[in-house]
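Next come the chains, spelled out residue by residue.
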Amino acid sequence: MVDPIGAGLVALSAAIAISVTGWAASIGEQVVGSAAIGVMAEDEGFFGRGLVMTVIPESIVIFGLVVSLILLFVALPSLG
Amino acid sequence: MFEPQAMTKVIIAGSKDYMGIAIDAMYKRDVVHIADFADEDEDFKIGKPYARVSQLSERAISLRSIASYLSIKGKEDIPNKYSERAIIDTIDEKTQRLDFEVTQVTDNISEIESRIKDINDKKRLLEPLKSFDLPLNLYRGYRSLAVFVGTLKGSPTISDITNDYEVETVPYGRGQAIALFVPKNFEDDVLKRLQEQSYAALPLPEMEGTPRDILVDLDAKLTELASEKHKSEEELADLRQQYIEFILASDEYLSIETQKAEAPLRFATTKNAFIVEGWVPTNDLELVQRDMDDATNGHVIVAVDKSGDADVDKVPIALSNPMPSRPLEVLVKAFSLPKYNEIDPTTFMVFWYPFLFGLMLGDIGYGVVVIALAILVSRRIKSQSIRALATVGLYAGVFSIIFGFIFNEFFGAELFGHKGLLTFVYEYPAIPRLDNVLTLLVVTLMIGVIMLTFGFVLGFINEYRQHGLKHAVYTKVSWICMLWGGVLAIALILPPLTTGSGIQLSAGLVAGLAVALVGFVLLIVGEGVVGIVELPGLLSNVLSYSRLLSIGISSTGIGLAINRLSEALFFSKGGVFIIFGVLLLIVGHAVNTALGILDSGLQALRLHYVEFFTKFYNGGGIKYEPFGFSRKYTEEQ
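Residues numbered from 1 in each chain as written. Chains lettered and ligands numbered in written order. Predicted model: local features only at pLDDT ≥ 70, side-chain atom pairs only at ≥ 80, totals over all residues. Heavy atoms only, no water.

Further remarks concern the interface of chain A and chain B. Listed by partner, the interface residues are 16 residues for chain A and 18 residues for chain B. For the pairing of chain A and chain B, the buried interface totals around 1600 Å² over both sides, and the portion due to carbon and sulfur atoms is 79%. Linking chain A with chain B are 2 salt bridges. Two residues, Arg606 of chain B and Glu58 of chain A, come together in a salt bridge whose shortest N-O distance is 3.2 Å. Taken together, chain A and chain B are joined by 2 residue pairs in polar contact (both at pLDDT 80 or more). Where the side of chain A that touches chain B is concerned, the elements lending two or more residues are helix 2 (47–54) and helix 3 (58–79) of chain A. By residue number, the principal contributor to the side of chain A that touches chain B is helix 3 of chain A, which donates 9 residues. Residues of the side of chain A that touches chain B, tallied by class, amount to 11 nonpolar, 3 polar and 2 charged. (Contact = heavy atoms within 4.5 Å. Buried area = accessible area lost by both parts, 1.4 Å probe. Salt bridge = Lys/Arg side-chain N within 4 Å of Asp/Glu carboxyl O. Polar contact = N/O pair within 3.5 Å; in protein donor to acceptor, adjacent residues only side chain to side chain. Helix = DSSP H or I, 4+ residues; strand = E, 2+ residues; numbered from the N terminus. Nonpolar A, V, L, I, M, F, W, Y, C, P; charged D, E, K, R; others polar.)

Next up on the list: the confidence of the model for chain A. Put simply, chain A has an average pLDDT of 85, and 96% of its residues get 70 or more. No element of chain A has a lower mean pLDDT than helix 2 of chain A, at 78, and none a higher one than helix 1 (residues 4–42) of chain A, at 92. (pLDDT = per-residue confidence, 0-100.)

This part covers the environment of Ser544 of chain B. When you line up the elements, Ser544 of chain B lands in helix 14 (residues 535–544). Ser544 of chain B sits in the buried class, given a relative accessible area of 2%. Residues Ser544 of chain B and Gly448 of chain B lie 96 residues apart in sequence; the distance between their C-alpha atoms is 7.9 Å. Contact partners of Ser544 of chain B, with chain neighbours within four places excluded, come to Ile62 of chain A together with Arg606, Leu607 and Glu611 of chain B. (Buried < 20%, exposed > 50% of the residue type's maximum accessible area, 1.4 Å probe, protein only.)

Quick look at the nonpolar core now. Residues and elements named next belong to chain B. With 55 residues, the main nonpolar core has Leu331, Met349, Tyr353, Leu356, Leu548, Tyr609 and Phe613 as its most contacted residues. Examining the composition of this core, we find that 10 residues originate from one element, helix 11 (residues 437–467), more than from any other. Apart from residues no more than four positions distant in its own chain, Met349 is found in contact with Leu328, Leu331, Val332, Pro354, Leu605, His608 and Phe613. (Core = buried A, V, L, I, M, F, W, Y, C linked by side-chain atoms within 4.5 Å.)

All names here are of chain B. Taking burial as the measure, the 8 residues of strand 5 (residues 145–152) include 6 buried ones, the bulk of the element. One ladder, built from 8 bridges, connects strand 5 with strand 7 (residues 175–183); its direction is antiparallel. Residue pairing in the sheet places Val147 in a bridge with Phe181 of strand 7. Pairing of strand 5 with strand 8 (residues 200–201), which is carried by 2 bridges, proceeds in the antiparallel orientation. Residue pairing in the sheet places Gly150 in a bridge with Ala201 of strand 8. (Pairing = 2+ DSSP bridges.)

Below, the discussion takes up the side chain of Ser555 of chain B. By secondary structure assignment, the location of Ser555 of chain B is in helix 15 (residues 547–569). Apart from the residues within four sequence positions on either side, Ser555 of chain B is in contact with Leu361, Tyr366 and Asn592 of chain B.

Residue and element names in this part refer to chain B. The antiparallel open sheet is built from 4 strands, whose spatial order is 6-7-5-8. Strands with a single pairing partner mark the edges of an open sheet, and in this sheet they are strand 6 (166–172) and strand 8. Against the sheet, helix 4 (residues 187–196) contacts strand 5 and strand 7, and its axis sits at roughly 5 degrees relative to strand 5. (Axes fitted to C-alpha atoms, helices over the stretch in contact; angles between N-to-C directions.)

Residues and elements named next belong to chain B. As enumerated under the stated definition, the model contains 30 aromatic pairs over all chains in all. Measuring from ring centre to ring centre gives 5.0 Å for Tyr27 and Phe627, while their planes differ by 80 degrees; the resulting arrangement is edge-to-face. Taken together, the residues span a long stretch of sequence, with Tyr27 in helix 1 (residues 19–29) and Phe627 in the loop between strand 15 (622–623) and strand 16 (634–635) at a distance of 600 residues. Looking at Tyr27, the relative accessible area reads 3%, which means it is buried. Judged by its relative accessible area of 5%, Phe627 falls in the buried class. Ring geometry for Phe456 and Trp479: centres 6.3 Å apart, planes at 0 degrees, overall stacked. A residue pair is termed long-range when its members are at least 10 positions apart, and Phe456 in helix 11 and Trp479 in helix 12 (residues 469–499) qualify at 23 residues. The exposure class assigned to Phe456 is buried, which follows from its relative accessible area of 3%. You can call Trp479 buried: its relative accessible area is 6%. Here a set of aromatic residues connected by ring pairs shows up, and it is made of Phe2, Phe335, Phe348, Phe454, Tyr609, Phe612, Phe613, Phe616 and Tyr617. (Phe/Tyr/Trp six-rings, centres within 6.5 Å; stacked < 30°, edge-to-face > 60°.)

Now the structure itself:
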C-alpha cells in the first residue's frame, strides 16, 4: 500500500523541481537573449553564437527535469 | 567533403596598361577572391577607380528611380537574356525617353489623386446636409441672421434664450447634424450653449445648388476621375511591360560595370604597375592562368604565392559538400564558417540533425505532415536558403516516421496493436514513450555520450593537425577518458544507490574511476588548474540530451490530450458533435505539429551548436566571394 501523503509529497517535489528551475532558467535566458538580439541587430552573423549563449542558462531546467523524472520514476515506485 | 575547398594564394601583377583587360578576364571567370590591399606605403598605393564610375552611378540612380515607379523589384524573371552590346548602344537614349514618359504618366496620376482627395473632402462636408434640401447660398450672407451649421450631441436646447429660431436636424454619426438660424443678437449666447453640447462647425464649400444635387455632380466627377486614373495606370503597366527587360538588364549591366571600374580600389599600385593579392580554388588555378595569358598575351602574370599557406586565418572558405548534404550548409553557416584547417561538420549533421529531430518528434502522422510541408515549401518558394531548410525538413520527416514506428505513435495515438487504430495489423514490440520513460532517459543520455565522444574525436583530429599530437591528447583524450570513466562509474554506483543496497567495489568501478582519473590528470597537465572549471560542463552536456526525451513526451502528451478531449467532449455524444470533434482534432494537431517542428528543430540545432560543436569547432572563416557576377539578365558579346 502506497503511503498517500508520501506519494503526494514526492509528486509535489517533482513539480517544484521542474517549475522553479524553469522559472530560474527563463530569467537567465531573458537577460542573455535580449543582449544577444541586440548584438544580432548589429551583426547578423552572430546568430549561431548568440543562440549558444542564450541557451546556456537552460542547463538549470534540464537538471530540474532530471531530478523530477528521478523523483517520479525512481523514488515514487520505491515507496510502495 | 570533410574540409573546405582547397585554395591557392595567387599574386596577379602586370603593367597598368593591361589592368583593364586583366580586370575583365578575372571578372568573366568569377573565381578569384581578391584580398583587399590596405597597407599603403611609399611605394605601393591603393589604386584609383576609373573615371567612368561617377557617370555609371548617375545612370544607375535614374534607372532605379524609374524602376521603383514601375514597381520593378529586380527579382523578376525574363524570357531572354539581353545582349550587352544592345544596352551599351541604347542605354542613354532609352533611359532619357523612359524617364520623360514615366514622369509624365506619374505626374498625371498624382494630379488625379489630388483632385480625387479634394472631391472626397467636399463630399465629407456636404454629406450631413443632404437631407436638408436647402441651396448652399441660403446658408450665408445674412445681415440680421446668424447661421450655425455643424454637428452636435443631442438636439439644440435654446428655447430659454429665444423662441425666434428655425432649426433643421438630422441624425448623424453618434449625434445630430444641425442647421440653426437665429437672430444675430443671440449669436453669442447660442454659440456658447451649442459649444456645451460639443458643437463642431462644418466649413461649407463655396458652391451653388442644394447639397444633394452637388453630391450627385461630385460622384459623377469621381467616376470620371477614377476611370482616368485607371487609364494612366494602364499606361504605366504598358510601359513596365515594354521596358522591364531593358531596365533589369541595364541595371545589371551598370552594376557589373561599376564593380569593374571600382576594382582598382582593392589593388596595390605603383606608378606603372598593379598587383592583386587573392585566392583561387586550386582546381581553377590553371584556368585563371590560361585566361590571363590569352587575354593579355602574357603581359600580366598569375603567380602562386607559397608564403600564403602559413596564414590559415585569411584563406577564404568555400564549403564543398556532395549534393545530399549541401542543404545542411545553411545550418553550419548560421553558426560560423569553418577555418581553413578545420573539419567542416556539414557531413556529420546530415545524419545527426534529422536523427535528433526525428527522435524528438517521433510520430508517423507528424512526420508525414513535415514531409508534405517540406515538399510544398520547396515547390512554392524560390529563396535558396529556405529551400535548403525544406530539404533538411524532408530528411527530418523521414526520421520522424522511422521513430514513429519505433514508438508506435500516430498523431499522439497508438497505431498498431490490440489497443491501436489498426487492430488487424501485426503487433510488433514497439516502445511507447510514455510507458518507458526511465529506459528512454538512459538511452537519450547514452546518445549524448556517443555524440560527445564523436565530437571529441573530431576535436582530436583538429587539434592534431593544428597543434600536434601532444596537445591533442591533453585537450581531447583527457575529456574522452573522463567521460567514459565517469559513465562507467555512475552506471555502477547509481543502481545500488536507488535500491538502497550498499555500493560494491567491483573491478568495473575501479577501472572506471581509474580511467576518469587518468583523464583528469591529463587535463590538469594540459590546461592547468583552470581546466577544473569546465568539469561540471561535461555533466550538464550529457544531461542536456535528456531534452530528447522531454520534448518528445511533451509532444506525445499534448497529442494524447487532444485525442482524449475530442473523444470525451464530442465523439462520445455523437450527432452534430462529431463535427466539433473533428474540428478540435484538426486545430489541436495543427498547433501541436507547429510546436513540434519549431521545438524539435531548435532543440536539435542547440544540441549541435552547444553540445556537439563546442567539442571540436571554432569557426570564424572568411566567406569566399569571387570577383565576378553570375549574370541573370545580360549576356556578353
